[in-house]
Every structure is written in structure tokens, then in C-alpha cells.
Amino acid sequence: MTKNVLFFCSLLFLFFNCSEDDNSTQNEEAVDEEEVLDDDEVVEDDDASYSAEGFVTIENGSGGLVADLDAGDRFARDHDAIGDVNGDGVIDYIIGARSDDDGGVDAGAVYVLFMNLDGSVLSNQKISMLEGGFNETLNAGNFFGYGVAGIGDYDGDGIPDIAVSAPVPPNNSLYIIHLNEDGTVKEYVKNESIIAQGLTAIGDIDNDGRIDLVACDPGSNEGGSNRGAIEILFLNERSEVLNARSVTISSTQGGFGEGLEDQDQFGGRETAILGDIDNDGSIELAVGAFMSDGGKGAIWILSLDAETFNVVSKTKITEGLNGFTETLDLETNPNGTIGAQFGHAMCAAGDIDGDGITDLITGANQQNEGNAYILYLNSDKTVRSYDKISAAEGGFDLVLDSGDRFARSISYVGDLKGDGSVAINFGGGVGVGGTGSLYTLFFRPN
Ligand SMILES: [Ca+2]
Ligand SMILES: [Ca+2]
Ligand SMILES: [Ca+2]
Ligand SMILES: [Ca+2]
């Protein structure tokens, strides 16, 4: 178990060297782009704190994925790296497909993806009511796989395990699934009466050797309609949630205090643990509120007491606030929703700019085809600067469909290739036949 906690911590707190040797590639790219971009954009790209080293698209029939996906399955609306399940030395993923129809309409499914070093899929194992040895009855519309998270090795057999949420009643539950080496279910523990639309592994914040989780319930009415809430979950050695120890943070609980308004949907689909970036003994947890400010969206960086995990201070980041100068949309989107929805998803990205402070990747998935942002944070939890990654910016030359919501879901992989680059997964693509897609982007910190 210690080994897997260390693995997780190394993902979180990996600090990258600023090597001068990497600049040749970057300069060549800048020269290439000068021919097609105006002067302002060239300057912005030169200032990026990373070099873009390409991307892989994973969707049915591409990137090595061959799966039983149907239109509307919502493949990759949530995903996470889970460590090496099959023992070949390469990091593997868990991917949600919450609208899979095995056993019932929208009962849901997840896929364990066994990865190759180049970011393509070697093979996959589906887990649903009908596949993967998961002998469980889900309700129609249960959305098993809405939230997925890698949690290290919970049962101590050396194989990483996963947490999967199925948030819609009557069977609203959190499953801790102990995996076999082939990605099938060895056994599972069902924790009932938990709503987790978003689900995040946050490392071992209570130092008991087990990785802890945050369940996001953006539809919570605590303090007002759809203000949202998160619940920090601690589990015992039998993979059971210790309900008495759970910490709820909302408009009315956990020390949050003032700041949330009705319809903000605090919690959203994801949170991100940043470590103690202000070095005062409290730990920083970033939490989105993607319908804040009329739909522009916001991120709250909470400082949590190291023992009670209640909020001791907080900083809000949105358009024009605390260093984030991006203009966020407030228009009605083609799908009927409103606004850019900044902060819908996020992950800690290690320290990409090499200043010793963990950086935060998030997105505004309803701004054009979706923008991702790397927020370079100050130790006081404000934004020092940021890079934008979209179809037009960020150096990846992404080819996005007009219906894409790039960066709708985000997770940190780390050095998948073993070459010092950092892989980050972004979901939200429409995908072939409307099945959903995942983009893996490779960053090389400068
Ligand atoms: Ca592997
Ligand atoms: Ca295990
Ligand atoms: Ca723990
Ligand atoms: Ca940094």
C-alpha cells in the first residue's frame, strides 16, 4: 500500500527541471508558427512554460481503441490514471462511459485501458452489469462511471484499484473495485447513499496509508437551490466509507462561509488537491463552480485545516478576479446551456513552470470548441499567469469539431512515455458516431 501512495504522491508533487537543452525544439516550432500566426500570438507562444509535443486521440477505432461503444455512451466524460494494472511497466487508465446500456438504459460502464508507451491503447477491459465480472444490479439511469478515480492498491495485492460512482437514485452508490491484473473485477465494496457526479482521489490527507476521495454533488440544495457541495471521504481497510468522518463543505457546512449563490453548482465534476502551496500547514484544494457568475464559471481554492479539513480561507478565481484576465462567455450555447463553464473540470499538473508551486489545469469547455488553461499559481493562491490551449492556441494544432467540448473532463497522467514529458488527458470530444473521445496531450516543461 505504501508503494501506491508514493506513486500517487509522485504524480501530485513531481517537480520538473528547467533544462536549457530543451529549447531547440521549442525554437523550431516558434519559427514554423511565425508563418501562419500574427505577431501577438507568436509572442504568447514563446512565453509558454512548456513545449507542445503532440497529442493522441483515443476514440472507437482510433488510438488503438476497439470497444463496444454506441452513440451517446459518453465515453471519457471522466477518466483517471490508475497506475500499472497489468504489470508491463506502463501506466493504465480508467475511463467512464456512464450512458452505456448494458443491463439497462444508461446503467453505465467503465473501461480499463491498458496503455502503450506512445499513448495508444494496447487493449481494454469493459466493466458493466454484463461484462468484466461485475456481478451487480444497477438501475436504469444509474450512470455507473459518472465519476472514476485511481486510488492505489486498496486491498494490498499489488494491483491498483479503482473507485467508481453511480450517482443517480435509487442505487446511488460509490463502488470500490479491487481489480485483477487483467482489468476484471476481483471483488467490490458497495458504499450506499453517496452522490458523486465528480469523483477525485486527493492523496492520503489523513496519513492513514489509504488514498482519500472527494465526492462532488453540484445539485445539492444546501444553503440554496443548486448551490452544490463536496464531501471528503475517508475509507477503512475494508474499502468502506467511514460516514462519521466525512467532511461536507457547502454554503452551510465545513467553514466555507459566504460566497456561493443559487445555481452555482459548487463541486462540479472534479476537484484538485494542490498540496500546501502557501506553506502555512493547511492544504489547498481547488473546487470548481462551473455555473458561477451566470455561467462564466469559477474556481475556489480552499485552504483546509490539516486536522478538521474545514475551510480556513478561500480564494475565488474567475474572469477579472485574482489574476485571471480571460474574458469568459455568457452566451447561450448551441446545446441550450449558458456560459463558458470555466472550472467544470481540473487537475493538478505538477510544477510546469518550475517555480516550486503546483500549477492547475482547468477549462472552459463551452467557450467555442472548448479551451483548456494552465493556471500558474502564486503561493497566495492567486494566478500569476496562464497559458491557453485550444484549437487555435497552445501549440498542439488540435483539430476540434464544432460540437466538441474540449477539456470538459481533465486528468493527470504524468510521464507516460518515460522521457520526461508530461501527459494530461482531456475529454469532451464528440468522437466517432457521437460515442465520445479522449485527447492525450504531451507537455514538456521548459
Ligand atoms: Ca500497464
Ligand atoms: Ca488491489
Ligand atoms: Ca487516508
Ligand atoms: Ca508552478
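Since we're looking at a predicted model, the values are computed, not measured. (Residues numbered from 1 in each chain as written. Chains lettered and ligands numbered in written order. Predicted model: local features only at pLDDT ≥ 70, side-chain atom pairs only at ≥ 80, totals over all residues.)

Considerations on the overall build of the chain
- Check the secondary structure of the chain and you find 3 helices and 24 strands.
- Out of the 446 residues belonging to the chain, those deemed buried represent 57%.
- Long-range pairs, those at least 24 residues apart, make up 55% of the contacts in the chain with a sequence separation of at least 6. (Helix = DSSP H or I, 4+ residues; strand = E, 2+ residues; numbered from the N terminus. Buried ≥ 20, exposed ≤ 12 C-beta atoms within 10 Å, placed from the backbone. Contact = placed C-beta atoms within 7 Å.)

With respect to the environment of L138
- Mapped onto the fold, L138 is located in the loop between β5 (121–127) and β6 (147–150).
- Classification of L138 as buried rests on a count of 24 C-beta atoms within 10 Å.
- Along the chain, L138 and D106 lie 32 residues apart, while their C-alpha atoms are 9.5 Å from each other.
- If we ignore the near neighbours within four places in the chain, the residues touching L138 are G103, G104, A107, G108, M129, F144, A166 and N171.

Here we look at the pairing of strand β21 (residues 383–389)
- Note: strand β20 (residues 371–377) against β21, 6 bridges, orientation antiparallel. Along β21, the bridge assignment pairs A372 with I389.
- The hairpin formed by β20 and β21 contains 5 residues between the paired strands, and K381 there has a positive phi angle of roughly 80°. (Pairing = 2+ DSSP bridges.)

Here we look at the environment of A364
- Relative to the assigned elements, A364 resides in strand β19 (residues 360–364).
- Not counting the four nearest positions on each side in its chain, A364 is found in contact with G297, L328, A340, Q341, F342 and N371.

Some points on the sheet that holds strand β7 (residues 162–166)
- Across the sheet, which stays open at both edges, the 4 strands sit in the order β6-β7-β8-β9 with antiparallel pairing between neighbours. If you trace the sheet from one side to the other, it starts and ends with β6 and β9 (185–192), each paired once. Recorded for the sheet is a direction-independent mean angle of 20° between the axes of neighbouring strands.
- Bridge analysis of β6 against β7 gives 4 bridges, and the strand direction is antiparallel. Note on β7: the bridge partner recorded for A149 is A163. (Axes fitted to C-alpha atoms, helices over the stretch in contact; angles between N-to-C directions.)

Description of the confidence of the model for the chain
- Chain-level pLDDT for the chain is 91 on average; 90% of the residues reach the 70-or-more range.
- Taken together, the stretch residues 1–45 has pLDDT below 50 and engages in 55 contacts with residues farther than four places along the chain or on a different chain. (pLDDT = per-residue confidence, 0-100.)

Thoughts on unusual backbone geometry
- In this structure, P170 follows P169 across a cis peptide bond, with omega equal to 10°.
- Within the secondary structure layout, P170 lies in the loop between β7 and β8 (173–179).
- In the Ramachandran plot, N226 falls in the positive-phi region, its phi being about 50° despite a non-glycine side chain.
- Summarising the element assignment, N226 is placed in the loop between β11 (213–217) and β12 (229–233).
- Residue class for N226 comes out partly exposed when judged on the 16 C-beta atoms lying within 10 Å of it.
- In the Ramachandran plot, D293 falls in the positive-phi region, its phi being about 55° despite a non-glycine side chain.
- Here D293 is to be found in the loop between β15 (283–289) and β16 (298–304).

A closer look at the environment of G64
- In this structure, G64 sits in the loop between β1 (50–58) and β2 (75–83).
- According to the C-beta neighbour criterion, G64 is partly exposed, with 18 such atoms within 10 Å.
- Taking the C-alpha atoms as reference points, G64 and N116, separated by 52 residues in sequence, lie 9.2 Å from one another.
- Leaving out residues up to four positions away in the same chain, G64 has contacts with N116, S120, V121 and L122.

Remarks on the nonpolar core
- By size, the foremost hydrophobic cluster in this structure holds 133 residues, and its most contacted members are I95, I162, A163, A215, L360 and I424.
- With 7 residues, the top contributor of residues to this core is strand β4 (residues 109–115).
- Those residues in contact with I162, other than ones at most four positions away along the chain, are I82, I94, V148, A149, G150, I151, I177 and L179. (Core = buried A, V, L, I, M, F, W, Y, C linked by C-beta atoms within 7 Å.)

Points about the sheet that holds strand β10 (residues 198–201)
- The 4 strands lie next to each other as β10-β11-β12-β13, forming an open sheet whose pairing is antiparallel. Only two strands of the sheet have a single neighbouring strand rather than two, namely β10 and β13 (247–250). Recorded for the sheet is a direction-independent mean angle of 20° between the axes of neighbouring strands.
- By the bridge criterion, 4 bridges tie β10 to β11 in an arrangement that is antiparallel. From the neighbouring strand, A201 faces β11, where its bridge partner is L213.

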